[in-house]
Amino acid sequence: MRIKKGDSVLVTTGKDAGKKGKVLRVIPDKNRVVIEGVNRVKKHQKPSRSLPQGGILKIETPLNASNVMLVCSRCNKPTRIAHKIMENGEKARICKQCGEALD
Ligand SMILES: [Zn+2]
């Protein structure tokens, strides 16, 4: 999984194409991501003690990770990711646009 929680991403396909948002959650098993403000659905909630009128909740549903592109935090462009092994042996993600490490 190339995308991590807290990353900024751009949606490239689907009804929310063109939207940018922050990754709230990643589900690596299903290759899915939940993005703030993207793929929102309304969910009706039954009245409860804390919400006597009931209500409509807007919740973000996961979308496929292949439908989003990472937005580089350095150059602010949607980018593909390269991987590089750093001197300390750790893997870093590198922006292919500007060459900066993203982590
Ligand atoms: Zn960049």
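Residues numbered from 1 in each chain as written. Predicted model: local features only at pLDDT ≥ 70, side-chain atom pairs only at ≥ 80, totals over all residues. Heavy atoms only, no water.

Going by an unreviewed UniProt entry, the protein chain carries the name Large ribosomal subunit protein uL24 and comes from Syntrophomonas wolfei. Regarding the protein chain, the relevant UniProt record gives this comment under Subunit (unreviewed entry): "Part of the 50S ribosomal subunit." Here is the UniProt Sequence similarities (unreviewed entry) comment for the protein chain, exactly as written: "Belongs to the universal ribosomal protein uL24 family." (UniProt positions renumbered as here; feature names shortened; annotations may be inferred.)

This next bit is on the pattern of salt bridges. Tallied over the full model, the rule gives four salt bridges. The residue Arg93 makes a salt bridge to Asp7 at a minimum N-O spacing of 3.0 Å. Remark: Asp7 occurs in the segment before strand 1 (8-11) and Arg93 occurs in strand 10 (residues 91-95); sequence separation between them is 86 residues. Accessibility classification places Arg93 together with Asp7 in one group, the buried group. For Arg40, the salt bridge goes to Glu60, with nearest N and O atoms at 3.2 Å. Highlighted residues: Arg40 in strand 4 (residues 40-45) and Glu60 in strand 5 (residues 55-60), separated in sequence by 20 residues. Residue classification places Arg40 among the partly exposed positions, given a relative accessible area of 43%. (Salt bridge = Lys/Arg side-chain N within 4 Å of Asp/Glu carboxyl O. Helix = DSSP H or I, 4+ residues; strand = E, 2+ residues; numbered from the N terminus. Buried < 20%, exposed > 50% of the residue type's maximum accessible area, 1.4 Å probe, protein only.)

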